[in-house]
Amino acid sequence: MASAGDSGTGQVTQTQGDAADQNFDYMFKLLIIGNSSVGKTSFLFRYADDSFTSAFVSTVGIDFKVKTIYRNNKRVKLQIWDTAGQERYRTITTAYYRGAMGFLLMYDITSQESFSAVQDWATQIKTYSWDNAQVALVGNKLDLEEDRQVPTQDAQRLATELGFQFFEASAKDNVNVKQVFERLVDIVCDKMNESVSGDAGALANGKGAGLKDTSPKSTGCAC
Ligand code: GTP
Ligand code: MG
């Protein structure tokens, strides 16, 4: 399990270069949540390392990877937390919700059960995170279209109801992986521009001002 710090102690999986890199304009903490085996870890490995394995090693507790991206000439360091979907780790994983600016809520398009749980995951976000945290609902395993149990329209409707972004994706075939993260970063940026005082110092050292900590003057993040 990784430590709560962002400097990479404990069982850390990000490349040391990225983790230690202090040369960034903004840092965003993102969390990936959803039922066990929907593909959260695979999705993160595809995004951060461009790798995929069909072996299933269920995540124990929580872990993270770091990736720095460029959005409109700004270096944005993403600290992406990968949570265990198994119920028994719920107390540990929900403790990490509060610092997250964005959530990637994942289900598996071939598992109605994982989709039925989305509402509960949304309630967890509402309970444990900042009010203004942004959420992308992601139906993973799009490559298994022949085994689909969750119609696209049902998921799109639920995402609209909940006020979430919506994507279908495949970690295996690398479909919509980068797009999901970039969209999430963009909407987090948009929200900051609306509601945060623009305390880039707080964000830059990874502590991150709460998104609902509003101030009359906003300098925005210019992402
Ligand atoms: P927990 O850590 O237990 O919460 O599970 P997880 O959500 O992290 O699932 P994980 O990424 O470990 O993937 C579970 C299984 O689904 C593995 O066997 C993966 O290879 C497989 N898998 C993940 N993404 C895809 C995908 O896009 N397509 C297909 N076909 N299989 C996938
Ligand atoms: Mg996992």
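Look above for the structure.
Source: prediction; values computed, not measured.

Quick notes on the coordination of the magnesium ion (ligand 2)
Each protein donor to the magnesium ion (ligand 2) is listed here as Thr41 (OG1) and Thr59 (OG1); together their distances run 2.0 to 2.1 Å. Of the two residues, threonine 41 sits in helix α2 (residues 40-49) while threonine 59 sits in the loop between α2 and β2 (62-71), which places them 18 residues apart along the sequence. By relative accessible area, which is 15% here, threonine 59 ends up buried.

Regarding the site of ligand 1
The local shell around ligand 1 holds 24 residues, among which Ser36, Lys40, Ser42, Ser58 and Gly85 are the closest. Threonine 41 is positioned such that a nitrogen or oxygen atom in its side chain is 2.9 Å from an oxygen atom of ligand 1. One of the backbone nitrogen or oxygen atoms of glycine 85 is found 2.7 Å away from an oxygen atom of ligand 1. Coverage of ligand 1 by the protein chains reaches 93% of its 660 Å² of free accessible surface. In terms of residue count, the dominant contributor to the shell around ligand 1 is α2 (three residues). Tallied by class, residues from the shell around ligand 1 come to seven nonpolar, 13 polar and four charged.

Description of the layout of surface pockets
By volume, the second largest pocket is sized at about 290 Å³. Along its surface, the second largest pocket is lined by 14 residues, and Ile125, Lys126, Asp131, Ala133 and Phe164 are the ones closest to its centre. Counting only elements with at least two residues in the lining of the second largest pocket, the list comes to α5 (118-128) and β5 (134-140). Here the lining of the second largest pocket gets five residues from one element, more than from any other, and that element is α5. When grouped by side-chain class, the residues that make up the lining of the second largest pocket number seven nonpolar, five polar and two charged.

Focus on the pattern of salt bridges
Going through the model one piece at a time under the given rule, you end up with eleven salt bridges. With a shortest N-O distance of 2.8 Å, lysine 65 and aspartate 49 are connected by a salt bridge. With lysine 65 in strand β2 and aspartate 49 in helix α2, this residue pair connects regions lying 16 residues apart in the sequence. With relative accessibility at 3%, the residue lysine 65 sits in the buried group. Exposure remark for aspartate 49: the relative accessible area of 36% places this residue in the partly exposed category.

The rules we used
Residues numbered from 1 in each chain as written. Chains lettered and ligands numbered in written order. Predicted model: local features only at pLDDT ≥ 70, side-chain atom pairs only at ≥ 80, totals over all residues. Heavy atoms only, no water. Donors = N, O, S within 2.8 Å, 3.2 Å for Na, K, Ca; no water. Helix = DSSP H or I, 4+ residues; strand = E, 2+ residues; numbered from the N terminus. Buried < 20%, exposed > 50% of the residue type's maximum accessible area, 1.4 Å probe, protein only. Near = heavy atom within 4 Å. Polar contact = N/O pair within 3.5 Å; in protein donor to acceptor, adjacent residues only side chain to side chain. Areas by Shrake-Rupley, 256 points an atom, 1.4 Å probe, with all protein chains shown as cover. Nonpolar A, V, L, I, M, F, W, Y, C, P; charged D, E, K, R; others polar. 1 Å grid on protein atoms, 1.4 Å probe; cavity = no way out; pocket = protein on both sides within 12 Å on 5 of 7 lines; lining within 4 Å. Points joined across faces, edges and corners; volume = space filled by probe spheres on them. Salt bridge = Lys/Arg side-chain N within 4 Å of Asp/Glu carboxyl O.

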